[in-house]
Amino acid sequence: MRRRPGLAWSLAGGVGILLVGLAIVGLGAGVRTRSFTLAALSHRLGRTVHVDGELSLHPHLTSFTVRFTRLHVDQPAWATPGAMVWVDRGTVTLPWTSLLGDVRLQDVQLDGLRLDLRHDSQGRPNWSDGRARPPPRLPRIARMALRNGGVAYQDPSRALSFQGAISVASGATGPPVLAVAGHGRIEDGVWTLDARSTADFKGSAPYILSGHLTVAEPSGNSDARFSGGFAPRDGHLQATVAATGPDLHDLSHLINVPLPHTPPYSLQTRIERTPERTRLQGLSGRVGASDIAGAMTITPAPGGRHLDGALRSRSLRVSDLLSVASGGQLSHARRQGRLLPEVAINPAPLRRLSGVVRLSAASVQARSIRSLRLVATFDRGRVAAAPLTLDLAHGQAKIEFVLDVRRSVPQVRLDVDLQRADTSDFRQPGGAPAPLQAVLDGAIHLQGAGSSLALAASHASGSVQLTALTGRLQRKQAAVLSGDMVQGVLSLLARKPADTPLRCAVARFQVRDGKARATALRVVSGLGAVTGSGGFNLASETLDLTLRPAAPAMADVTAVRIAGPLAHPRATLALGGAASLISHTFDGLFKAAFSPPPSLRCG
């Protein structure tokens, strides 16, 4: 299937045809010949061509020159009436041999060229007539000068506009230099462009280009510098790009490549772009506090893009990964004091993506995680992080997260399989050891639907389970929980807190419509057993658990309530009546001194 030519080649080829056509028109001896040739030229370009002023021929010995004024090419029928191309005045000089078929323009001088380029809301460009055909053949140009030129561009679907100056100047040696400089708007920001390119109009040699692009958004300024080569005949672009800024997504609408929201970044890459695909080779730099390297191929697909990427990091910060994966929403949620964002999920960009992106991290900036491997699959609105494997300091966690936006209401599914995780790897702030040191196995299965991750969680149903079959529990916590106040007080006064064996622990929750209820909550230590009740609420992101001694005689004496936000719950101790407290305290002291702990099971 023949492809449609791109912007650069379509314009260059169209202008070439226009100039050659004008030369032929200039050879006409009368008004009829002029009208007929302009009509034929209009048919070839798919746009009506007018010359409102002078159109004259000036013959020379070996060449001839055509002069014209007030030339313009109309917009297509679907666009606002006006001129797509306007030239105040110009001259074109050709050798007589060009009339035999070998078209060569010896000299082109244009003054007051203005280009009004547009995409409509359906994505149609005004420089293309919509017919699939080979790119037009660009005539060779020996010398060219363009003065007082201007270019305007609008694309409402990308909230993008540009207004700038364009010029071409030929030096004494070397090819002409094409320059474009100006500014425009993009969504909520402003962008500026200052680019230079050699323009070898004599043949198919690539243009050598360089430039500087700046995007000013409310979040900060993005800065990109580029240099490389562009072959207009086949549309191949090769460039080296170095970019910095607060959010990589700010460049997406400009380069028309889907880029994720990121923390502040500094990246370098080699871009190889053809009409068939865009390759990012040698990608390296930093995103947030994480280094990143690898490659990515982006291929146009019906209605969207296909991704094939392999990325790696020597040292990855988990919050950077979560920020990219959530489109920056998790960072916004944390600023609002929440775990999950309430911002509505935008399904449109996800429905346009397909492909696979792989990420591996040799080390992770977290006390409990050694390395990470992720396979992210995109399937036209279904995004799956499956699997996300976390190699812990001890044990492993395998996570599957699926977001499906193919329906009107997004569907979310989370599955976590925790194997042989050691709680001693999760040290408290300040380096203090965890009160519970045990080997944990666990499983989480949740599924919900909602327009945001927070709403999906508030409607989630499923189960959560954690079990520990062996470990150690700090004696002061075990004593207080089991009702032995003397043991707890003595442990609190000791310089080095002793611990007691943990025989088993289990926590099972059933989740329905975002509300979790404990179906089993029990801890058995060397000092006794503790049972619990309560649960957590995913809608309000709160926890409310009550732990009591398993012995019926102690249940009304002491209880520990763990309640508050899921991110920062607090534990409070509740005591029974004074007489009951004194009685059970001495009873506890006697048992601690003379009796072994009872044999208990988690059940």
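Source: prediction; values computed, not measured.

### Considering the side chain of Asp404
Mapped onto the fold, Asp404 is located in strand 20 (residues 396-404). According to the relative accessible area criterion, Asp404 is buried, its value standing at 12%. Reaching out from Asp404, the side chain makes a polar contact with the side chain of Arg406 at a distance of 2.8 Å. Beyond its immediate stretch of four places on either side in the chain, Asp404 contacts Gly381, Arg382, Val409, Pro410 and Gln411.

### Considering the nonpolar core
Grouped burial of nonpolar side chains is what soluble globular proteins tend to show. Judged by nonpolar contacts, the single largest core of 92 residues is most densely connected at Phe68, Trp191, Leu251, Leu359, Leu372 and Leu390. With 6 residues, strand 5 (residues 104-118) is the largest single contributor of residues to this core. The residues contacting Leu359, other than those within four sequence positions of it, are Ile292, Leu311, Arg312, Leu316, Leu321, Leu372, Arg373 and Leu374.

### Let's talk about the packing of aromatic side chains
Under the criterion given, the structure shown has 4 aromatic pairs. When the ring of Trp127 is compared with that of Tyr153, the centres are 6.5 Å apart and the planes differ by 40°; the resulting orientation is tilted. Of the two residues, Trp127 is situated in the loop between strand 5 and strand 6 (140-155) and Tyr153 in strand 6; the sequence distance between them amounts to 26 residues. The residues Trp127 and Tyr153 share a single accessibility class, namely buried. Between Phe162 and Trp191, the ring centres sit 5.0 Å apart and the planes meet at 35°, which makes this aromatic pair tilted. Of this pair, Phe162 sits in strand 7 (residues 160-169) while Trp191 sits in strand 9 (residues 189-198), and the two are 29 residues apart along the sequence. Take Phe162 and Trp191: they sit in the same class, and that class is buried.

### Structural notes on helix 4 (residues 318-325)
Listed as buried for helix 4 are Asp320, Leu321 and Ser323. What you see down the axis of helix 4 is that its buried residues fit within an arc of 160°, all on one side. One or two positions beyond helix 4, positive phi appears at Gly327, with a value near 65°.

### Some details on the environment of Val439
Within the secondary structure, Val439 is located in strand 22 (residues 436-449). Between the C-alpha atoms of Val439 and Ala421, which are 18 residues apart in sequence, the distance is 5.4 Å. For Val439, the contacting residues outside a window of four places in its chain are Arg420, Ala421, Thr467, Ala468, Leu469 and Thr470.

### What about the pairing of strand 16 (residues 304-313)?
Regular strands place side chains that alternate from one sheet face to the opposite one. Relative to strand 16, strand 15 (residues 290-301) is paired through 9 bridges, and the arrangement is antiparallel. Bridge assignment links Ile298 to a residue of strand 16, and that residue is Leu307. Where strand 15 folds back on strand 16, the antiparallel hairpin that results is connected by 2 residues, among which Gly303 adopts a positive phi of roughly 75°.

### With respect to the pairing of strand 20
Here strand 19 (residues 382-392) runs beside strand 20; their pairing, made up of 8 bridges, is antiparallel. Bridging from a neighbouring strand, Asp391 pairs with Gln396 of strand 20. Sheet topology note: the strand 20/strand 21 (residues 411-422) ladder contains 9 bridges and is antiparallel. Residue pairing across strands places Leu403 opposite Val412, the latter belonging to strand 21. Where strand 20 hands over to strand 21, the hairpin turn is made up of 6 residues, counted between the paired strands.

### Describing the environment of Leu311
Note on placement: Leu311 falls in strand 16. The class for Leu311 is buried, based on a relative accessible area of 18%. Measuring from C-alpha to C-alpha, the distance between Leu311 and Ala293 comes to 5.7 Å, with 18 residues separating the pair along the chain. With residues near it in sequence (within four places) discarded, Leu311 still touches Leu283, Ile292, Ala293, Gly294, Ala295, Val357, Arg358, Leu359 and Ser360.

### Some points on the pattern of salt bridges
The tally for this structure, following the rule as stated, stands at 14 salt bridges. Arg114 is the salt-bridge partner of Asp88, the closest N and O atoms lying 3.4 Å from each other. Taken together, the positions of Asp88 in strand 4 (residues 83-95) and Arg114 in strand 5 put the pair 26 residues apart, joining distant regions of the chain. Since its relative accessible area comes to 26%, Asp88 is described here as partly exposed. Overall, Arg114 belongs to the partly exposed group, its relative accessible area being 40%. With a closest N to O distance of 2.6 Å, Asp120 and Arg124 form a salt bridge. Relative accessible area serves as the criterion here: at 35%, Arg124 is assigned to the partly exposed category. If you follow the salt bridges from partner to partner, you end up with Glu400, Arg413 and Asp415 in one network.

### A word on unusual backbone geometry
Following Ala386, the chain continues to Pro387 via a peptide bond in cis, the omega torsion being 0°. The residue Pro387 is located in strand 19 in this model. The residue Arg420 is not glycine, and still its phi comes out positive at about 55°. Looking at the element boundaries, Arg420 is found in strand 21. Overall, the relative accessible area of 53% leaves Arg420 in the exposed class.

Calculation notes
- Residues numbered from 1 in each chain as written.
- Predicted model: local features only at pLDDT ≥ 70, side-chain atom pairs only at ≥ 80, totals over all residues.
- Heavy atoms only, no water.
- Helix = DSSP H or I, 4+ residues; strand = E, 2+ residues; numbered from the N terminus.
- Buried < 20%, exposed > 50% of the residue type's maximum accessible area, 1.4 Å probe, protein only.
- Polar contact = N/O pair within 3.5 Å; in protein donor to acceptor, adjacent residues only side chain to side chain.
- Contact = heavy atoms within 4.5 Å.
- Core = buried A, V, L, I, M, F, W, Y, C linked by side-chain atoms within 4.5 Å.
- Phe/Tyr/Trp six-rings, centres within 6.5 Å; stacked < 30°, edge-to-face > 60°.
- Arc of directions from axis to C-beta.
- Pairing = 2+ DSSP bridges.
- Salt bridge = Lys/Arg side-chain N within 4 Å of Asp/Glu carboxyl O.

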